[in-house]
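Structural overview
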Amino acid sequence: MEFERLKLQLGDRSIELLAKQHVAIFGLGGVGGHVAEVLARCGVGKFTVIDKDIIDITNINRQILALHSTIGVKKVDICAKRLLDINPNIEVTALDIDFSSDSDLDFSKFDYIVDAVDDINAKIEIISRAKSQNIPVISAMGAGNKIDVSAIKIADISATNTCPLARIMREKLKKLGICGVKCAFSTEKPVFKPTGTISSNAFVPAVMGITIAREVVLDLIKYKE
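Let us look at the structure shown here. (Residues numbered from 1 in each chain as written. Predicted model: local features only at pLDDT ≥ 70, side-chain atom pairs only at ≥ 80, totals over all residues. Heavy atoms only, no water.)

Moving on: the packing of helix 3 (residues 32–41) against helix 7 (residues 204–220). It is the contact of helix 3 with helix 7, at a shortest axis distance of 8 Å, that shows an interaxial angle of 45°. By the criterion of interaxial angle, the relationship of helix 3 to helix 7 is oblique. For the element pair helix 3 and helix 7, the recorded crossing hand is right-handed. Between helix 3, through His34, Val35, Val38 and Leu39, and helix 7, the contact on the second element is made entirely by Ala206, Gly209, Ile210, Ile212, Ala213, Val216 and Val217. Of the residues in the contact of helix 3 with helix 7, the class split is 9 nonpolar, 2 polar and no charged. (Axes fitted to C-alpha atoms, helices over the stretch in contact; angles between N-to-C directions. Helix = DSSP H or I, 4+ residues; strand = E, 2+ residues; numbered from the N terminus. Parallel < 35°, antiparallel > 145°, perpendicular 65-115°, else oblique. Left-handed = near helix turned anticlockwise from the far one by under 90°. Contact = heavy atoms within 4.5 Å. Nonpolar A, V, L, I, M, F, W, Y, C, P; charged D, E, K, R; others polar.)

Encoded structure:
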């Protein structure tokens, strides 16, 4: 069976529990695509994936959903198809929407929420709704302009440093009185390019996504390290 080797590590009860969990992933780019991939391979049974984008040729250097054969296709459709190919028993809801404060998406059905979007206002809205309903949430900070995978950490947003996006998020969340937000961030100083275009690679977003997925799995099964 698909998850026999994972059972050796986590046990039957954890695998059964993961199969019942519903995880929402906002953003299916370099980070979010890898989150979905790993969670599916860990036996999470239900997903809602949210993204308005289509695959562009510039995504190929870093996004697991991006292939020449998928250019021009909606990311949510590619993701849903891929998750079902990993595990046909998965339930997937694919939402081709640009999430914002006007979105009427019901968060109460989710057991865990992953914020992997780039837009700051959307990130704040996702976190605010999750916290207001006491749903576990983890937020991805900046993975662009970075090259050192060993610098990726998991921490409360209040304990982040170095990352420009994390600094902005800390300030905005503090003004809203929101605390206790788990995030993935890099302690590496950004490598800025003269053009101002954000540079990227295949490894930093992937490792951040995998690190987030690991955290989600361990939180869901309440794993004690």
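Moving on from the model shown.
For helix 5 (residues 120–132), spanning 13 residues, the distance from its first C-alpha to its last is 18 Å, which sits close to the expected 18 Å at 1.5 Å a residue. Looking at helix 5, one finds that the buried residues are Ala122, Lys123, Ile124, Glu125, Ile126, Ile127, Arg129 and Ala130. On its buried face, helix 5 sits against strand 1 (22–26), strand 4 (112–115), strand 5 (137–140) and helix 6 (164–175). Count one or two residues on from helix 5 and you reach Asn134, which has phi positive near 60°. (Expected span 1.5 Å × (residues − 1). Buried < 20%, exposed > 50% of the residue type's maximum accessible area, 1.4 Å probe, protein only.)

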